[in-house]
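Results of the structural survey
Each chain is listed here by its residues.
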Amino acid sequence: PAGEMVKIKWITGPAGTGKSAIMGSVADTCKQNGVLAVTFFFASYASPDHRRKTVFIPTLAYQLAQHLPALKNPVAQAIQDNPLLFKKNLRVQMEALILTPLRQITVESNVPGVVLIDGLDECEAEQYFDSNVASHTGKLMEREKSEDQLEILQVLREAALDPAFPFRIVIASRPERVFREFFNDKKQKSSFAPSLILDKKYNPNADIVLFLQAKFSEIRRRFNLSPSWPSQEILATLLDQASGQFIYAAIVIRYITTSRHGSPHTLLDRVLKVKPGSGINPFSHLDAFYTHILRSTPNPTLAVKWLWILKGEISGRVGCVLFNADIAPAAFLVNLLLQTDEGNAEYVLGDLHSLVDSDVPPSDDFEAPYRPYHKSLYDFLRREDRSGPIHVGYTQCANFLWGRFSDIYKGSPACRPSDQQEFLHFFFNLVMPCTSNAGPISRLNLAPSSVDWWVSGCVSHSERGIRDLFRAVHWECSWFQCNPGCKIWRNSILRHCKQADWEVPTQTWFLRNQFNKYLLPTDVL
């Protein structure tokens, strides 16, 4: 029957309207009621595994097998039969890891179960460096994130239409074009349940009021405040300033409960005194409040640079990802990279607890990462027309990083010997940023001994780092002649690689590739 085909629902709305809160609440409710719930939450601030499609299907398969033990053997057999399965496209993975195993076991069609996919708009494009090169320009043709997002949508729809797949699917995302076109396609619209659009028609104010009332009640109990605080007039003002954006109310509450500079009364008064700028901007109150919080720090510009870098990006430049690691680096490693003095992290970020989803980790915590609270902060920071005087551009961020790189090669940060090795492994796996039209190596006008230090560190700690470094040394060379700095770096790289018994390119290889200044990591060493 047609009714059985309707298995996918889309929850959408602008930034801060409560999509993730709804998805989290649904997941919690399912768990409490014993309903099978498989989840995958994409997040731009998370590790690469949760920013890209790489482990999307394997993660769903693993969670399904945890809920349905009969799936474990068929899934394990599929992996054993095809060890390269995780390198295949999502359609092949879905068929081998989920649909075929489901066909081999008995799953009652009336068994309740749901697959929850949150933040799909935050899924980044997976770049394939051995393809998509325009030979006439020598430039990489970067994939758009919408390509991978559409692939995920198509695979989920195909699974939902398969009789072996009995579960409902709920997808939450912002209303970006790829999602609007997919869910509004008349040819396949009958496959979808009605979308839940979190706009003013949905009456978000009712949920925002409930949230504010509940949170202020907690604050009153915590600080033994009057039951009449805050007044109904103040609640109405906050509701109006939220403009239907759940995130505004959430940031206000976090500011009042985490700030160290005033009582709840004082902090709420400060919130109410923040006035937006002129002009038409649906985020005017949120932007003004973000600006107020950042300006309360001792050095707002430095704080913004830290916020970008701890997220693993350089001022929002697409494709400029700093961290090669599969998980977010520990905060203490980021601190060692960025701080000029011990305790600098607390000085820079100490007043930003409402924006970063944890306190600055204590000095003896060597695992906890930084987690920005909400993507809307970076939407604000990315656009100069919204962040105004506290906007920090790509060049400023990159120059700040190069300054820290320069300080570090002159002397590694002071820390325990065991932490020193962990920091160096982290440091040599960073992706070096370019500035203007200059390649990264031009920023390192180093003596040969310093070049040897850098290269030996890459050889010891990062195979990918040495590959990227090898490519980078040729970035500014002409096709017929390398610049003098390139020669110093290239000779050091080849010497250290040979000492480490690595296979290195021959002169013949160089001659064959002399016209390709964009040497690809997969082609080198």
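The sections below set out a description of the structure shown in this document. Just so it is clear, the model here is predicted, and its values are computed rather than measured.

Once that is clear, we can look at unusual backbone geometry. Across the junction of Trp-229 and Pro-230, the peptide omega takes the value -10°, indicating a cis bond. Counting through the fold element by element, Pro-230 comes out in the loop between helix H8 (204–223) and helix H9 (232–242). If you check the backbone angles, Asn-224 has positive phi at about 55° while not being a glycine. Within the element layout of this structure, Asn-224 appears in the loop between H8 and H9. Residue classification places Asn-224 among the exposed residues on the basis of a relative accessible area of 70%.

Another aspect to go through is helix H4 (residues 72–81). Turning to H4, its buried residues number three or more, namely Pro-74, Val-75 and Ala-78. For H4, the angular spread of buried residues about the axis comes to 100°, placing them on one side. Set apart from the buried face of H4 by more than 90 degrees, the exposed residues are Asn-73 and Gln-80. The inward-facing, buried residues of H4 abut helix H5 (90–104).

All right, on to the nonpolar core then. Of all hydrophobic cores here, the largest spans 97 residues; its most connected members are Phe-216, Leu-337 and Trp-454. No other element matches helix H10 (residues 246–258), which puts 10 residues into this core. Apart from residues lying up to four places away in sequence, Phe-216 is in contact with Trp-229, Pro-230, Leu-235, Leu-238, Ile-253, Ile-256 and Leu-268.

Considering all chains together, one arrives at 27 aromatic pairs under this definition. With centroids separated by 6.1 Å and ring planes inclined at 85°, the aromatic side chains of Trp-453 and Trp-454 adopt a geometry described as edge-to-face. By relative accessible area, which is 3% here, Trp-454 ends up buried. Connected via pairs of aromatic rings, a cluster forms that spans Phe-323, Trp-402, Phe-405, Phe-423, Phe-426, Phe-427, Phe-428, Trp-453, Trp-454 and Trp-489. In this arrangement the basic side chain of Arg-254 is found over the ring face of Tyr-373, its NZ or CZ atom lying 3.9 Å from the centre. Just above the ring of Tyr-378 sits the side chain of Lys-311; from NZ or CZ to the centre is 5.0 Å.

Reading the values: the criteria
Residues numbered from 1 in each chain as written. Predicted model: local features only at pLDDT ≥ 70, side-chain atom pairs only at ≥ 80, totals over all residues. Heavy atoms only, no water. Helix = DSSP H or I, 4+ residues; strand = E, 2+ residues; numbered from the N terminus. Buried < 20%, exposed > 50% of the residue type's maximum accessible area, 1.4 Å probe, protein only. Arc of directions from axis to C-beta. Contact = heavy atoms within 4.5 Å. Core = buried A, V, L, I, M, F, W, Y, C linked by side-chain atoms within 4.5 Å. Phe/Tyr/Trp six-rings, centres within 6.5 Å; stacked < 30°, edge-to-face > 60°. Lys NZ or Arg CZ within 6 Å of the ring centre and 35° of its normal.

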